[in-house]
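Residue-level structure breakdown
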Number of protein chains: 2
Amino acid sequence: MGGGSWATAIAKILMMNGTEKINWYMRRPSQIDEFKRLGHNSAYLSSVNFDISRIHFYSNINFAVKNSDMLIFATPSPYLKQHLKKLKQDISNKIIVSAIKGIVPDENLPVSDYFNKVYDVPMENIAAIGGPSHAEEVALERLSYLTVACTNKERARSIAQKFNCNFVRTTISDDIDGIEYSSTLKNVYAIAAGICHGLKYGDNFQSVLISNSAQEINRFINTVHPLVRNINDSVYLGDLLVTAYSRYSRNRTFGTMIGKGYSVRTAHLEMEMIAEGYYGTKCIKEINECYHVNMPILDAVYNILYERVSPSIEIKLLIESLR
Amino acid sequence: MGGGSWATAIAKILMMNGTEKINWYMRRPSQIDEFKRLGHNSAYLSSVNFDISRIHFYSNINFAVKNSDMLIFATPSPYLKQHLKKLKQDISNKIIVSAIKGIVPDENLPVSDYFNKVYDVPMENIAAIGGPSHAEEVALERLSYLTVACTNKERARSIAQKFNCNFVRTTISDDIDGIEYSSTLKNVYAIAAGICHGLKYGDNFQSVLISNSAQEINRFINTVHPLVRNINDSVYLGDLLVTAYSRYSRNRTFGTMIGKGYSVRTAHLEMEMIAEGYYGTKCIKEINECYHVNMPILDAVYNILYERVSPSIEIKLLIESLR
């Protein structure tokens, strides 16, 4: 479900893994026509060619859902509700896999909890996929590690098997909420890293910022969803690192523009792409109003993006809280 | 004590901090003459100009030591013993500050323990300086965070005060051994990151490698020197990140050459610089023979550098141990 770069990368993985046929939902019929004509997604990862005969495209979400047992969602989190609005099918008996790495805005719920509460899907039938995985590198068949999280370990294992291929290795986890929160937060910290980069802070400082970000993620998820976990597993720390350091990161690019003085509106227009961390910042800020976890970096990003505080002033204040 | 880039950066920090006069030991009289003539260190950080009237240079280590209460060592760890061989002065009543970030080869001791055991300096008079701090960025006055570790907290605090200036912030710690081991290990993992870069692994994989490296550091120092610590403090994780990701890192560059197929000898010759992690790999490998900590990345780097196993084969095996 989804026509973006991550959806395209996941389709590639599934088909490399040997999945005979997949159903693929994209909202716009024109994108499907173009895909069929060219044999690839013209808008994203256009270098990846597909065997069209093994794909059944749908622009109608209801038909796609009706003909599928497992629904893998890979739309950007801010658009999920919009897609689901058109859904008339009951999905409570489907397996839901969220590759969304985000929180549902307004509801302020991790995607897994949203499907559980609003669509009555039992938690044991919901999984989330995380891990450091720029779609662009998956397209290039660069080795990547994914983690499949589900409260039911057997389910996690069987889903993980579908994602193994010669350039993807999978592990499993039972920390579905922790992984979803962490996946959301890492976008916020990538924006922070970008802002500091835009303000001309150097590598020494960036590493302090990111170390403190890892600590903030740990404090937050240990409070909101207490569980024995190792925050330095690649699904948490690795995903933070790849997003905050990598040249492919949309959120870091967005942050860099903000640090250089662009307004939020101008930065979004220039990028012609959504920086999910912009929405994630607000979601986590609101959720944290109930928990009061000490999150100075999140607060700084929020103040810069939503309260229009000058980035240079806000980061100068933030410096005092880091170590 | 030392004429390299980190020694030069430290001299700059101390003089920015307001230290009236410093004694500076460099082995080669010609380097001192050049420094006096030019007003800067011609070999390292040559953009940093010094007020020569506030520096007393020594090429004789005994005179330097005699006239100083606090000795700050910033030579590369493999050369420390060579420098100290010439020392005839008793230094047991001096304050020793190690900025060396390494282990004394052959002895396989952290620098602090070496001064304690061989030179009878009480541990409470020995401190180590760590933290993510490329000298090149300190030269540019980019904000950096240093951590001063000493078993005596008051001593740590008073030393830390000498290193504060408008572009350096300091914190203190009592984990002197942990910080020295971690500072050594991060060079090993920067070599690993370089090797994988040279072998054309991408950013997704690098972030998995570095997450696993942070876990290896944690396992090792918790075994060798058990203490309550947060491995994601910037002195541990931050130092790892800046070394493994930064373009200034000699160890990463060395690793990249190895990954591309250079021999150890050729890589060292080409770089005209020492990659401390080369020695650190052997030290930690030997120390770990007593502890048997699970360290697959260290083992892989050791096998590549010392057992001449092909990097591509060794990393393919390593992949199985990561997650």
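One structure accompanies this document, and this report is about it. Remember, predicted model here, so these are calculated numbers, not experimental data. (Residues numbered from 1 in each chain as written. Chains lettered and ligands numbered in written order. Predicted model: local features only at pLDDT ≥ 70, side-chain atom pairs only at ≥ 80, totals over all residues. Heavy atoms only, no water.)

1. Quick look at the relation of the copies chain B and chain A
Overlaying chain B with chain A gives an RMSD of 0.0 Å, the required rotation being 180° about an axis along which the chain moves by 0.0 Å. One copy is carried onto the other by what is essentially a two-fold rotation axis. (Least-squares fit on C-alpha atoms with pLDDT ≥ 70 in both.)

2. Comments concerning helix α8 (residues 176–198) of chain B
For an α-helix, 3.6 residues make a turn, and residues three or four places apart therefore share a direction. All names here are of chain B. Between the first and last C-alpha of α8 there are 34 Å, a value that for 23 residues agrees with the 33 Å anticipated at 1.5 Å per step. Along α8, 22 of the 23 residues are buried, which leaves the element largely enclosed by surrounding structure. A positive phi of about 75° marks K200, the residue just after α8. (Helix = DSSP H or I, 4+ residues; strand = E, 2+ residues; numbered from the N terminus. Expected span 1.5 Å × (residues − 1). Buried < 20%, exposed > 50% of the residue type's maximum accessible area, 1.4 Å probe, protein only.)

3. Some points on the packing of aromatic side chains
One pair of aromatic rings is described through two measures. These are the centre distance and the angle between the planes. All names here are of chain A. In the structure shown here, the tally under the stated rule is 33 aromatic pairs over all chains. Centroid distance F35 to F57: 4.9 Å. Interplanar angle 55°. Geometry classified as tilted. Of this pair, F35 sits in helix α2 (residues 29–38) while F57 sits in strand β2 (residues 55–58), and the two are 22 residues apart along the sequence. The same class applies to F35 and to F57, which are both buried. Look at Y278 and Y279: their rings are 5.2 Å apart centre to centre, the planes differ by 80°, and that puts the pair in the edge-to-face class. Residue classification places Y278 among the buried positions, given a relative accessible area of 16%. The rings of F254, Y278, Y279, Y302 and Y306 are connected pair by pair, giving a single aromatic cluster. (Phe/Tyr/Trp six-rings, centres within 6.5 Å; stacked < 30°, edge-to-face > 60°.)

4. Quick word on the interface of chain B and chain A
Facing the 41 residues of chain B at the interface are 41 residues of chain A. Taking both partners together, chain B and chain A bury about 3500 Å²; carbon and sulfur atoms supply 50% of that area. Among the residues chain B hides against chain A, the three largest losses belong to Y145, N204 and R323 of chain B. Together they make up 21% of the total. Applying the counting rule to chain B against chain A returns two salt bridges. R169 of chain B is the partner of E320 of chain A in a salt bridge, and the nearest nitrogen-oxygen pair spans 3.3 Å. Elements represented by at least two residues in the side of chain B that touches chain A include exactly α6 (135–139), β8 (144–149), β9 (168–173), α9 (203–224) and α10 (234–245) of chain B. At nine residues, the largest contribution of residues to the side of chain B that touches chain A is made by α9 of chain B. Residue classes in the side of chain B that touches chain A are distributed as 18 nonpolar, 14 polar and nine charged. (Contact = heavy atoms within 4.5 Å. Buried area = accessible area lost by both parts, 1.4 Å probe. Salt bridge = Lys/Arg side-chain N within 4 Å of Asp/Glu carboxyl O. Nonpolar A, V, L, I, M, F, W, Y, C, P; charged D, E, K, R; others polar.)

5. Quick look at α9 of chain B
Taking 1.5 Å per residue, 22 residues should reach 32 Å; α9 of chain B reaches 31 Å between its end C-alpha atoms and fits that length. The buried count for α9 of chain B comes to 17 of 22 residues, which makes it a mostly enclosed element.

6. With respect to the packing of helix α8 (residues 176–198) of chain A against helix α10 (residues 234–245) of chain A
All names here are of chain A. Where α8 meets α10, the closest approach of the two axes is 9 Å, and the angle between their N-to-C directions is 25°. Compared by their axis directions, α8 and α10 come out roughly parallel. α10 is crossed by α8, and the crossing has right-handed handedness. In this structure, α8 uses G178, I179, S182, S183, K186, N187, Y189, A190 and A193 to contact α10, whose residues at the interface are V235, Y236, D239, L240, T243 and A244. Here the residues of the contact of α8 with α10 sort into eight nonpolar, five polar and two charged. (Axes fitted to C-alpha atoms, helices over the stretch in contact; angles between N-to-C directions. Parallel < 35°, antiparallel > 145°, perpendicular 65-115°, else oblique. Left-handed = near helix turned anticlockwise from the far one by under 90°.)

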